[in-house]
Amino acid sequence: MTNWRRQDPEWREFERLVARIEADAGPRGIVVTSPDRIRCKITGRLREVDASIRSRIGTAEMLVTIECRRRRNIQDITWIEQLTSKKKSIGADRTIAVCTAGFTEAAETVAAQNGISLRKLSDITTDDINSLLRLDFVLFWHKACAITRVGIRKFRSLDWKMSAPEDVDFVLPENTDPFAPIFRNDETGKTWSLNDLWHQLQEATDPFEGVEKAQPPTFRTTCFPYPGTVTLASADGPCLLGDVIVTVALWIEAEQVLLDAARKVEYASDETSAIQRVEFASRRSKQKDWRISLQIPKHAEDISYLRTGGSWPVATE
C-alpha cells in the first residue's frame, strides 16, 4: 500500500473497523493492534501490517496478521501471492485478507493453500441487519461550558480574605479571547489564558458534579487568588492581580444518533458464519473516536451471541 493511502483517513478507518470486528469476534485474551510493525525474519527490518492478532494457545504464542484493501475491483491472485510471501517473512501463523469487492476463484485457491483467510466487508441497510441489532437510537451525552463573567480584583495586600464574587474592580469584556495569554507571572515570565484557568479548575475538582443531564445551565463561580506577582494585559495597560473571579455556565446535552445514521456492515467468510456490526458514532467529537457498537452472527437468534463495545471518554478527560 502506498504512503498516500496510509495517510488517507478513510483507509485507516477501514483498517481500524476490521480490527474492531476481529477483536469483538475473538475469545477473551487476544490482543489486537492496528496498525502494527513486525520484524522480518529475513532482513531484520520492521514491516508494517494493517493489524495483528496475538494470542496464546497453551504455551504457544500465535500471531495472525490482517491486511486490508478498500477497492472496487475484485482481488486476484497477485495480492494473495504478495501476502503469502510477507506472511512467511514475518513468521505469521496465519493472515487474514480483507477487501470490499471479493476475490477471484484463483485467488481463493491460492489463499487456501497458503494459510490466507479471506474476508469481504460490505455495507448493508437497516432492512438487512439481524433484528437483535435494531436499536432505534443511541444517546451520547456531552458536557459543555461557557465562561459568562470574569471579574478582576486588583492586588492590595497579602492579607487575603474571601470577598463576594461581585466585589471586583472591573469585569473583562465579553469578547475576550479565552485562549489569549493575558496573564503573566512577572517573576518567571510564564503566561497563561482563561482556558488554562479552566483546565486548572478541572485538575482540582469536578466542576460538573451535581449537574443534571438535559437541564438548563448551572452557574458556578470560582476564585483564583494571586500574591501580587501576576499581571493582566488589559486595554488600560498592565494590571497587578489580586484575584480572578470566573463564573461559568455548565450543562450536559444529548446527541441522538439514529439507527439509519449508524454504520452497518457485514463481514463475510466462506469459513465461518457472516458477522454483522452496527456502530453508532458521535459526530460532535472530531478529535476523539466516541462510538457504541453491537455485533452478532448474521443468523443468530439468541441474544447471548451479541457482543457490545465502544470507545468513549473516561473520567480523567
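Read on for an overview of the structure. (Residues numbered from 1 in each chain as written. Predicted model: local features only at pLDDT ≥ 70, side-chain atom pairs only at ≥ 80, totals over all residues. Heavy atoms only, no water.)

Considerations on the pairing of strand 8 (residues 137-154)
Thinking step 1. The sheet contact formed by strand 8 and strand 14 (residues 237-258) spans 17 bridges and is antiparallel. Each bridged residue has a counterpart across the sheet, and for A144 the counterpart in strand 14 is W251.
Thinking step 2. As defined by bridge partners, strand 8 adjoins strand 9 (residues 170-171) across two bridges and the pair is classed as antiparallel. If you follow I152 over to strand 9, its bridge partner there is F170. (Pairing = 2+ DSSP bridges. Helix = DSSP H or I, 4+ residues; strand = E, 2+ residues; numbered from the N terminus.)

Quick look at the pairing of strand 4 (residues 51-57)
Thinking step 1. The sheet contact formed by strand 1 (residues 31-33) and strand 4 spans three bridges and is antiparallel. Across the sheet, residue V31 finds its bridge partner in strand 4, namely R54.
Thinking step 2. Alignment of strand 4 against strand 5 (residues 60-69), held across seven bridges, turns out to be antiparallel. Directly across from S55, in strand 5, lies its bridge partner M62.

So, the pattern of salt bridges
Thinking step 1. Counted according to the given criterion, the structure contains 17 salt bridges.
Thinking step 2. Between D36 and R54 there is a salt bridge whose closest N-O contact spans 2.5 Å. Residue D36 is located in strand 2 (residues 36-39), and its partner R54 is located in strand 4; the two are separated by 18 residues in the primary sequence.
Thinking step 3. When its relative accessible area of 13% is taken as the criterion, D36 is described as buried. (Salt bridge = Lys/Arg side-chain N within 4 Å of Asp/Glu carboxyl O. Buried < 20%, exposed > 50% of the residue type's maximum accessible area, 1.4 Å probe, protein only.)

Brief notes about the environment of F170
Thinking step 1. Among the structural elements, F170 can be located in strand 9.
Thinking step 2. F170 gets classed as partly exposed once you look at its relative accessible area, which sits at 27%.
Thinking step 3. For the pair F170 and I152, spaced 18 residues apart in sequence, the C-alpha to C-alpha distance is 5.5 Å.
Thinking step 4. Among all residues touching F170, those that are not within four sequence positions of it are V150, G151, I152, K154, L232 and C239. (Contact = heavy atoms within 4.5 Å.)

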